[in-house]
Amino acid sequence: MNGVIKYDQELTSLPRCLMIRQLMPKKNYWNIIFIFTLIYYIANTFLMVYLWPPKTIDITTIVLYFIRMDFIVDVTVIFSSYFFLQQLEYRFQTLNDSWEYLLPGFLSVPEELTHSITRITLDNIRLFHAELSDLLRIFSVGFGKMLLGFFVFSFINMILSFYYSIVPNNNVLREFNFDSYLVEFIPYLLNLQNVIWTLSIIIAASRVHEKKRKMISYLRLIKISNLSANLKTQVKFFMNQISAFESSELTACGIFNINLNLVVSILILLVTGLITIIQMKEHPVLLQSKENLKKFIQSLTTEKLNNI
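An unreviewed UniProt entry lists the protein under the name Gustatory receptor, from Macrosiphum euphorbiae. Of the protein, the UniProt comment under Sequence similarities (unreviewed entry) reads exactly: "Belongs to the insect chemoreceptor superfamily. Gustatory receptor (GR) family."

Pasting the structure below:
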């Protein structure tokens, strides 16, 4: 965030006529998100206590029921990543809006701007664009490993949740009542939670990349033949710079790019993994893991787990 603050301070070097009002989320935007997240967390906790009431209240019960570290870590990673990506998106959009007022020979330029000021302003926008691209690269390096871990564990969690829901215990006669439907609903609720968080990061990263690339379309609209030699050099230098920063896209530790194409890849892997694990449902490892999970939950709750 220090880089973003420094960037905002340097942005004042642009002429006043190009200082487009920077886009910012509404004041209550993040407050609403935190409130809904807290309500969801409390409701989910009460639902777990209702369906699987703990035998005793001890440290293990408190950690597993009331202070779920997996949820806290996920919320921290997702919210911090989404917040930073949102800030980058708004600043790229501000540069794009400012650029529309500078397009010589295409859009109107204020008459009081001299040729020299236009060239200096163009160079400043180029430097600001490079700085934002570098901030995106730094963010990718810093958060890439955490996002990779989140995607991997969310993927494993979704496969196992679907597996335990689709392949029930056929040796137990199950009673279908309201509680049993709630028990069946829990895995899908957790999967929906993972899907929402995953899509939020993918969409935010895609929007940043889209705003960053939009500058190329603006540069191509310029009638270079009508420009002076200095401005031609500046525009060509700007286009080469954008091409050089093309690789500065948000990645998961350099293993894969985080964009909308990742959604299709995840869906294919989910279907393939789910089909594979269903075919291996009689494997001793899966049977043992299922039994261990049942024993672990049974040791915490007073309810009999006939649905696992």
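The discussion continues.
Chemist: Even after reading the chapter, I still don't get the overall build of the protein, so can you show me in this structure?
Modeler: The helix and strand inventory of the protein stands at 9 helices and 0 strands. Counting helices and strands in the order they occur from the N terminus, the protein gives α-α-α-α-α-α-α-α-α. Among the 308 residues that make up the protein, the fraction classed as buried is 42%. Sequence separation of at least 24 residues holds for 82% of the intrachain contacts in the protein that already meet a minimum separation of 6.

Chemist: It is not clear to me how a nonpolar patch on the surface should be interpreted in this structure. Could you clarify?
Modeler: Taken together, the side chains of Ile57, Phe66, Ile67, Met69, Ile72 and Val73 present a nonpolar region at the surface, about 540 Å² in accessible area. Among the elements that take part in the nonpolar patch, helix H4 (residues 69-100) stands out by supplying 3 residues, more than any other. Mapped onto the fold, Val73 is located in helix H4.

Chemist: What's the story with the pattern of salt bridges in this structure? I'm lost.
Modeler: Enumeration over the complete set of coordinates arrives at 2 salt bridges. One salt bridge in this structure joins Arg137 and Asp134, with 2.8 Å as the shortest N-O distance. With Arg137 and Asp134 both in helix H5 (residues 115-166) and 3 residues apart, this pair spans about one turn of that helix. Assessed through its relative accessible area of 27%, Asp134 is described here as partly exposed.

Chemist: Got a minute to help me understand the environment of Ile242 in this structure?
Modeler: Tracing the backbone shows Ile242 in helix H7 (residues 229-244). Judged by its relative accessible area of 4%, Ile242 is buried. The spacing of Ile242 and Lys212 is 30 residues in sequence and 8.5 Å in space, taken between C-alpha atoms. Discounting chain neighbours no more than four positions away, the residues touching Ile242 are His129, Met215, Ile216 and Leu219.

Chemist: What's the story with the nonpolar core in this structure? I'm lost.
Modeler: When a protein is soluble and globular, its nonpolar side chains tend to lie buried together. In this structure, Trp99, Met215 and Ile258 are the most contacted members of the largest nonpolar core, which totals 51 residues. For this core, the secondary-structure elements that each account for two or more residues are helix H2 (29-51), H4, H5, helix H6 (178-220), H7 and helix H8 (261-279). Per-element tally for this core: the top contributor is H5, with 14 residues. By size, the runner-up hydrophobic cluster in this structure holds 8 residues, among which are Leu51, Trp52, Leu182 and Val183.

Chemist: Explain the confidence of the model for the protein here, please?
Modeler: Caution applies to low-pLDDT parts of the model: their predicted coordinates are not meant to be read in detail. On average, the protein scores 76 in pLDDT, and the residues at 70 or more come to 73%. With pLDDT under 50 throughout, residues 104-113 is counted as low confidence; its partners more than four residues away or in other chains account for 14 contacts.

Chemist: Please clarify how the packing of aromatic side chains should be interpreted in this entry.
Modeler: When we look at a pair of aromatic rings, we describe it by the centre distance and by the angle of the planes. The final tally for this structure, using the stated rule, is 13 aromatic pairs. Between Phe71 and Trp197, the ring centres sit 5.5 Å apart and the planes meet at 55 degrees, which makes this aromatic pair tilted. Here the residue Phe71 occupies a position in helix H4, and Trp197 occupies one in helix H6, the gap between them amounting to 126 residues. Judged by relative accessible area, Phe71 falls into the buried class, the value being 7%. Using a relative accessible area of 9% as the deciding quantity, one classes Trp197 as buried. Through a chain of ring-to-ring contacts, the aromatic side chains of Tyr29, Trp30, Phe34, Phe79, Tyr82 and Phe83 assemble into a single cluster. Above the face of the Phe71 ring, Arg68 is positioned so that its terminal group lies 5.8 Å from the ring centre.

Thresholds, definitions, all that
- Residues numbered from 1 in each chain as written.
- Predicted model: local features only at pLDDT ≥ 70, side-chain atom pairs only at ≥ 80, totals over all residues.
- Heavy atoms only, no water.
- UniProt positions renumbered as here; feature names shortened; annotations may be inferred.
- Helix = DSSP H or I, 4+ residues; strand = E, 2+ residues; numbered from the N terminus.
- Buried < 20%, exposed > 50% of the residue type's maximum accessible area, 1.4 Å probe, protein only.
- Contact = heavy atoms within 4.5 Å.
- Patch = residues over 30% accessible without salt bridge, like charges linked within 9 Å, V, L, I, M, F, W, Y side chains within 5 Å.
- Areas by Shrake-Rupley, 256 points an atom, 1.4 Å probe, with all protein chains shown as cover.
- Salt bridge = Lys/Arg side-chain N within 4 Å of Asp/Glu carboxyl O.
- Core = buried A, V, L, I, M, F, W, Y, C linked by side-chain atoms within 4.5 Å.
- pLDDT = per-residue confidence, 0-100.
- Phe/Tyr/Trp six-rings, centres within 6.5 Å; stacked < 30°, edge-to-face > 60°.
- Lys NZ or Arg CZ within 6 Å of the ring centre and 35° of its normal.

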